[in-house]
Amino acid sequence: MAHRWKNDLTRDDITPEALFLNRRQVMAGLAGLGLAGLSTRAEAETLKPNTWDEITSYNNYYEFGTGKGDPAANAHRLTTEPWSVTIDGLVERPGEYQFDEIMAKMTIEERIYRLRCVEAWSMVVPWNGFELADLLALAGVRSGAKYVAFETAYRPEEMPGVRFPVIDWPYREGLRLDEAMHPLTIMATGIYDRPIPNQNGAPLRVVVPWKYGFKSIKSIVRITLTDKEPPTSWNMLQPNEYGFYANVNPKVDHPRWSQASERKIGGGLFSQREPTLMFNGYEDEVAALYEDMDLTKFF
Ligand SMILES: Nc1nc2c(c(=O)[nH]1)N[C@H]1C(S)=C(S)[C@@H](COP(=O)(O)O)O[C@H]1N2
Ligand SMILES: [Mo]
């Protein structure tokens, strides 16, 4: 596997002292420790993860119902063992990859990321997982591939929510290949060093921290490399409200509400809304991906 930057930074590495330094100093300090590359602004500042209870009881996973508590109540019905992911399309080694075999080959690390839902609430989640690029390398991306399409399991017997045509099931998402290969993009398999709960997308789900949460598709059964932008669930439903890119952007409002600020889950009844950050705080890491694009057009 190609050697790439690995983030060994955990929340225990963020010393109180580091919180008083400005970002550049923190970055320099991390570089000095050999942790080149990313310390997200969020991590360098006051990124405090939400609690296990918050992260696992307030969810969006429409296959189990559209209420925030429905996934926690219903997702225990999802059978996650055995599990396999079909990787096909423009790859050298198409096939069905067993979850256990994938895990045996991947390096699991902790990533503390902001999660910003398009509905304007947010959390901080200490994920465990591996870089999506490493999984794609297993299958071998062929030249000509430009996009990656993902599909969630569709199991009417286990998923009470799929009776309702809120979405054209199965839930589908997609990324441009360079977004999928970006070191910030992970496949999460755990939270707080425990296996990822069903309601959060067991046994493996995408996490793209600079995009609205709906891009971070859960319980993946298929990954297809294509040369065309794939259809994606929310975009199919309301193309004028949910774009393919869905980058977090405080300056581009949803047609029905502002995206300039967000409500932090767990903040309490009287907590202030927080300003939403460009690319959810990951601007330094990802802005280059969109250099020549009009983000109001490609929202
Ligand atoms: N398959 C599937 N994936 C999904 C969703 C869904 O309904 N079905 N909801 C998305 C939305 S809108 C958000 S905000 C995040 C929420 O992730 P969390 O429940 O782990 O916080 O999952 C995303 N992934
Ligand atoms: Mo969301």
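Residues numbered from 1 in each chain as written. Chains lettered and ligands numbered in written order. Predicted model: local features only at pLDDT ≥ 70, side-chain atom pairs only at ≥ 80, totals over all residues. Heavy atoms only, no water.

Undergrad: In this structure, what is going on with the site of ligand 1? I would like to understand it.
TA: Near ligand 1 there are 17 residues, and of these Asn59, Tyr62, Glu63, Thr152 and Lys218 occur at the shortest range. Separating a nitrogen atom of ligand 1 from a backbone N or O atom of asparagine 60 is a distance of 3.2 Å. Threonine 152 has a polar side-chain atom sitting 2.9 Å from a nitrogen atom of ligand 1. Each residue belonging to the shell around ligand 1 can be placed in one class, and the counts come to eight nonpolar, six polar and three charged. (Near = heavy atom within 4 Å. Polar contact = N/O pair within 3.5 Å; in protein donor to acceptor, adjacent residues only side chain to side chain. Nonpolar A, V, L, I, M, F, W, Y, C, P; charged D, E, K, R; others polar.)

Undergrad: It is not clear to me how the confidence of the model for the protein chain should be interpreted in this structure. Could you clarify?
TA: Reading predicted coordinates in detail is not appropriate for stretches of low pLDDT. Per-chain confidence: the protein chain averages 89 in pLDDT, with 85% of residues scoring 70 or above. The model gives residues 1-9 a pLDDT under 50, and that stretch makes 26 contacts with residues more than four places away or in other chains. (pLDDT = per-residue confidence, 0-100. Contact = heavy atoms within 4.5 Å.)

Undergrad: What is the right way to look at the pairing of strand S11 (residues 261-264) in this model?
TA: Both faces of the sheet carry side chains from a regular strand, because those side chains alternate between them. Here strand S4 (residues 121-131) runs beside S11; their pairing, made up of two bridges, is parallel. The residue bridging serine 122 from the neighbouring strand is lysine 264, located in S11. (Pairing = 2+ DSSP bridges. Helix = DSSP H or I, 4+ residues; strand = E, 2+ residues; numbered from the N terminus.)

Undergrad: Can you walk me through the environment of tyrosine 61 in this structure?
TA: Within the secondary structure, tyrosine 61 is located in the loop between helix H4 (52-57) and helix H5 (70-74). Given the relative accessible area of 2%, tyrosine 61 is considered buried. Distance in space between the C-alpha atoms of tyrosine 61 and glycine 201 is 8.0 Å, their sequence separation being 140 residues. Discounting residues that sit within four places of it in the chain, tyrosine 61 has contacts with Pro71, Leu78, Thr152, Met159, Asn198, Gln199, Gly201, Lys218 and Ser219. Within polar-contact distance, the side chain of tyrosine 61 engages the side chain of serine 219 at 2.6 Å. (Buried < 20%, exposed > 50% of the residue type's maximum accessible area, 1.4 Å probe, protein only.)

Undergrad: Help me understand the environment of leucine 138, please; the structure alone is not making it clear to me.
TA: With respect to the helices, strands and loops of the structure, leucine 138 is situated in helix H7 (residues 132-139). When the C-alpha atoms of leucine 138 and glutamate 92 are compared, they prove to be 9.1 Å apart, with 46 residues separating the residues in sequence. Ignoring anything within four residues of it in the chain, the contact list for leucine 138 reads Arg93, Tyr97, Lys105 and Met106.

Undergrad: Would you mind showing me how to read unusual backbone geometry here?
TA: Glycine aside, the phi torsion of most residues is negative, and most peptide linkages are trans. With omega at -5 degrees, the peptide bond leading from glutamate 81 into proline 82 counts as cis. Relative to the assigned elements, proline 82 resides in the loop between H5 and strand S1 (84-89). For the peptide bond that leads from alanine 202 to proline 203, omega is -5 degrees, which places it in the cis range. Phi at alanine 120 takes a positive value of approximately 80 degrees, unusual for a residue other than glycine. Residue placement: alanine 120 occurs in the loop between strand S3 (109-116) and S4. The backbone phi angle of serine 219 is positive, close to 40 degrees, even though this residue is not glycine.

Undergrad: Whenever I open this one, H7 confuses me. Can you help?
TA: Because an α-helix completes one turn every 3.6 residues, residues spaced three or four positions apart along the sequence face the same direction. Burial runs high along H7: seven of the eight residues are buried. Those residues of H7 not exposed but buried are Leu132, Ala133, Asp134, Leu135, Leu136, Leu138 and Ala139. Positive phi shows up at glycine 140, right after H7, with a value of about 80 degrees.

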